[in-house]
Amino acid sequence: MKDSRFSDERYTLTDEKAALAIDVLRKGLNRQLEASLEVCVHCGICAEACHYYVSDPKPEHVPAYRAEQLRKIYRGLFDPVGKAVPKWAGAAQLDEEMAEQLLLNVFGSCTMCGRCVLNCPMGVDTRLIARTARSMLTAIDMTPAGLKATVNVHLESGNNMGVEEIDFVETVEWMEEELQIAVDDPSVKIPIDKKGARYVYTFNPREVKYFPLLIQAAAKIFLSAGEDWTLSTESWDATNYGLFSGDNAAASKIAHNLEKAVLNIGAETLVMAECGHGYRSQRWEGENWVGYKYPFNVVSFVEMQAKYIKEGRLKLDPTVNDKRVTYHDPCNQARNGGIIEEPRYILHHTVMDFVEMEPHGIENYCCGGGGGMLSMSEFAKERIAAGKAKADQISATGAEILATSCHNCLDQLDEIRRHYKLKVKIVNLSELVADAVVWQK
Ligand code: SF4
Ligand code: SF4
């Protein structure tokens, strides 16, 4: 490979590896993928849909260009004209140069956010094309190092940051004490491994390791609503980077861990933390990966908060959140997950001045941190550059507070805040809700 970022021995493409990767493509060729590889008319409408192109308009940032790399391989293998006259048909073989192109295009400059899919008149699913190419590269051990490590740590330790059970429990107990002090009620308890609880709640490991106050915020909301809930020490990590690496076997194992925890508690519903891809993985992809229907429901904590407000189970004082607030829709929660109205309903009840960024909801631009980008340090420069579209959107709102409900988004938004000198404070949606909750005994 020419790019020095891929100088490691494992990025060498042997004939055996190429055959393995092609086999992954062959097996993944369902109707949706085949149609997406066949029907692009090169109209270019998808260009403006992609935050990479909007931030830096160059041909390599057009979604159709990215997809074209896999299309070339597909034509060479499955298209009769491509096989007979490859050059004329724009077909190519998977060689080392092509593998490098795929690495740069599907890992380095596509967050699989799906905005181009929504805007393509032909229904081309570039997000699926990108994930298929990621699956091919992961099958031959060409996954970018940080992403590979994140998946492996999760498989080995049960969470993607390798947090020990004792540290998890101690952090929760510490937050329990803090909450008792904050609400002046020593009887307050954060339930752990409570058999028969209706709801099992999860965290992003970032909360346990770096942002424990979010544990306190979630607990305050559940307890104020009088919920029958628990945490599980058996499995509590909401993330699933198998979605991003394209490794369905790993994704399935991770999804299965949470499933076992819910079944052992005997809960009706698994509540996913404010984590965009974690929600999408468990709610929309998990059953496909494990191969059967879960005997319980999967919901997002955002849905739970909206439900509590609708049911009158939270007493709220929005005057404590008196600054102008805007909201960033995480792609995997809104466009790819269907949770769009709930955060707005929540914000209208918990803050005094809510303003939308444009576009928003299903058409919101990716922040640039999706697709596991935060774990791939080799593409940090591209990630920050791709955040410009989002930075411009945020600036235009004049908001002082930017709320979101995804930890990957939160990290990326904070980095682009620093880089583009944005004058906003970035918070989780649940922080605003917890601040507005009026505690009642
Ligand atoms: S909008 Fe669709 S059909 Fe047009 S170039 Fe993009 S992917 Fe191809
Ligand atoms: S999925 Fe998102 S990042 Fe990837 S090409 Fe489409 S719009 Fe761009």
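Calculation notes
Per chain, the residues get numbers from 1 upward, laid out in the order the sequence is written. Going through the entries in the order they are written, you letter the chains from A and number the ligands from 1. Local features in this predicted model are restricted to residues of pLDDT 70 or higher, and side-chain atom pairs are both shown and tallied only at a pLDDT of 80 or more, whereas totals for entire chains, interfaces and linings draw on every residue. To sort residues by exposure, count the other C-beta atoms lying within 10 Å of each residue's C-beta; 20 or more gives buried, 12 or fewer gives exposed, and values between give partly exposed, all with C-beta atoms placed from the backbone. Secondary structure is summarised from DSSP: a helix means a run of H or I of at least four residues, a strand means a run of E of at least two, and numbering begins at the N terminus for each. When DSSP finds two or more bridges between a pair of strands, those strands are recorded as paired. Residue ranges labeled as domains rest on an automatic or database domain assignment. With C-beta atoms placed from the backbone, a contact is any residue pair whose C-beta atoms sit within 7 Å. All amino acids are sorted into three groups, where Ala, Val, Leu, Ile, Met, Phe, Trp, Tyr, Cys and Pro are nonpolar, Asp, Glu, Lys and Arg are charged, and the leftover types, Gly among them, are polar. Each residue receives a C-beta atom built from its backbone; the residue is near a molecule or strand if that atom lies within 6 Å of it.

*Asks:* Help me understand the pairing of strand E5 (residues 324–328) in this model?
*Replies:* The side chains of a regular strand alternate between both faces of the sheet. Where burial is concerned, most of E5 is hidden: four out of the five residues are buried. For E5 and strand E6 (residues 353–354), the ladder comprises two bridges, and the chain directions are parallel. From the neighbouring strand, Val325 faces E6, where its bridge partner is Phe354. Pairing between E5 and strand E7 (residues 401–404): four bridges, direction parallel. Bridging across to E7, Val325 finds its partner in Ile401.

*Asks:* Looking at this structure, I do not really get the domain arrangement of the chain. What am I missing?
*Replies:* Interfaces are often sized by the amount of accessible area the parts lose when they come together. As far as domains go, the chain holds domain 1 (4–142), domain 2 (164–308) and domain 3 (313–436). Counting from both sides, the interface comprises 16 residues of domain 1 and, opposite them, 19 residues of domain 3. Counting only elements with at least two residues in the side of domain 1 that touches domain 3, the list comes to helix H3 (51–55) and helix H8 (115–119). Per element, the largest residue contribution to the side of domain 1 that touches domain 3 is four residues, and it comes from H3. Partitioning the side of domain 1 that touches domain 3 into residue classes produces seven nonpolar, six polar and three charged.

*Asks:* Would you explain the site of ligand 2 in this entry?
*Replies:* Not every one of the 16 residues close to ligand 2 is listed here, only the nearest: Cys50, Pro63, Cys110, Cys113 and Cys116. Where the shell around ligand 2 is concerned, the elements lending two or more residues are helix H4 (63–78), H8 and helix H9 (126–139). Among the elements that take part in the shell around ligand 2, H9 stands out by supplying three residues, more than any other. Each residue belonging to the shell around ligand 2 can be placed in one class, and the counts come to ten nonpolar, three polar and three charged.

*Asks:* Got a minute to help me understand the site of ligand 1 in this structure?
*Replies:* Contacts to ligand 1 come from Cys40, Val41, His42, Cys43, Gly44, Ile45, Cys46, Pro63, Ala64, Cys120, Met122 and Val124. When grouped by side-chain class, the residues that make up the shell around ligand 1 number ten nonpolar, two polar and no charged.

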